[in-house]
Amino acid sequence: MAKGPGLYSDIGKKARDLLYKDYHSDQKFTVTTVTSNGVAITTTGTNKGDVFLADVSTKLINKNVTTEIKVDTSSKVHTTVTVDEPAPGLKTIASFILPDQKAAKLELQYLHEYAGLSSSIGLMASPIVNFSGVIGTNLAALGADVAFDTAVGDFTKVNAGLSFTNSDLVAALTLNNKGDSLTASYYHTVNPLTSTAVGGELTHSFSSNENVLTIGTSHAVDPLTTIKARVNNLGKVNALIQHEWRPKSLFTLTGEVDTKAIEKSAKIGLAVALKP
């Protein structure tokens, strides 16, 4: 297990990744090449119904500084500069989007044996300030995540969470949407040799008095092939198969069926990622 409680975004992440990661209903193709001087160039194309989106990104790592530049089909240029450990445990991230100058942001992350802190501020006249903090250990952690909009003088986000971890089980409880929704999740490793795991998530909305329950599982058929499945109480059933057909290159096929509208066609997603 990792040392320290991690960041607030790590609370419940194991269950979220099991239940939602790699599931999609689009067609996505990604190709990555690396130049002789170490610059990684990634081209991505995504078909979302009648809309086709594409972008080209470059990534350069120079010692502890990582620079990423991405240009998308809407002619926006996304730039992120990450400095890893300018001081022990510290990471700085500067990001901005051209021509949208209001999207510029500076973020600081700090990881300690008993704490994890993250703070970001928009680089504009009346920015949104985000702060999250976690205290505890790699076994138990308690944290909060807030955002304050200085333009209106009000909190736009107030969340809190706690997590418990042992060698094969991770449980988390989070209070979100300014106290309007409560989410409980768990992740359990059934067999580490076959990467077999089960997980679940229950979300209750106090304002609507509605509950959404999602359960899922994953299993490695062999060292290169993983299958996953999930179902929720709304009648949605999802499944995927992911195969690493060459090192770092993945083929992922997903499907979704709405059992409460079985007359509708199933949603099929396909993702191919090619890396050197």
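Everything below is about the structure shown above.
Procedures and definitions
The residue numbering used here restarts from 1 in each chain and proceeds along that chain's sequence as written. This being a predicted model, a pLDDT of at least 70 is required before a residue's local features are given, and a value of 80 or more before pairs of side-chain atoms are given or counted; all residues contribute to the totals for chains, interfaces and linings. The side-chain figures draw on all heavy atoms in the structure; neither hydrogens nor water molecules are used. Between buried and exposed lies partly exposed: a residue is buried under 20% and exposed over 50% of the maximum accessible area for its type, with that area taken using a 1.4 Å probe on protein chains only. Helix and strand definitions follow DSSP, with helices as H or I runs of at least four residues and strands as E runs of at least two, each counted in order from the N terminus. Arc definition: directions from the helix axis to the C-beta atoms. It only takes one pair of heavy atoms within 4.5 Å for two residues to be counted as in contact. Put simply, two rings from Phe, Tyr or Trp (the six-membered ring, in Trp's case) pair if the centres are within 6.5 Å, and we call them stacked under 30 degrees between planes, edge-to-face over 60, tilted for the rest. Whether a charge sits over a ring comes down to the Lys NZ or Arg CZ being within 6 Å of the ring centre and within 35 degrees of the ring normal. Salt bridge, as used here, is a side-chain nitrogen of Lys or Arg placed within 4 Å of a carboxyl oxygen of Asp or Glu.

Let us look at helix α1 (residues 13-20). Since one α-helical turn is 3.6 residues long, residues separated by three or four positions face the same way. Turning to α1, its buried residues are Ala15, Leu18 and Leu19. What you see down the axis of α1 is that its buried residues fit within an arc of 90 degrees, all on one side. Turning to α1, the residues buried within the fold contact β13 (181-191), β14 (196-205), β15 (210-222) and β16 (225-232). Just downstream of α1, Asp22 is the residue with a positive phi angle, here 75 degrees.

Moving on, we get to the packing of aromatic side chains. The final tally for this structure, using the stated rule, is one aromatic pair. Between Phe148 and Phe155, the ring centres sit 5.1 Å apart and the planes meet at 70 degrees, which makes this aromatic pair edge-to-face. On the basis of relative accessibility, which here comes to 29%, the residue Phe148 falls in the partly exposed class. Here the basic side chain of Arg230 rests over the ring of Tyr23, its NZ or CZ set 4.3 Å away from the ring centre.

The next thing to look at is the pattern of salt bridges. When the charged atoms of two side chains lie near each other, side chains of opposite charge can form a pair. Within the structure shown, the criterion is met by four salt bridges. A salt bridge links Asp17 to Lys13, with the nearest nitrogen and oxygen atoms 2.7 Å apart. With Asp17 and Lys13 both in helix α1 and four residues apart, this pair spans about one turn of that helix. Classification of Asp17 by relative accessible area gives partly exposed; the value is 27%. With relative accessibility at 37%, the residue Lys13 sits in the partly exposed group.

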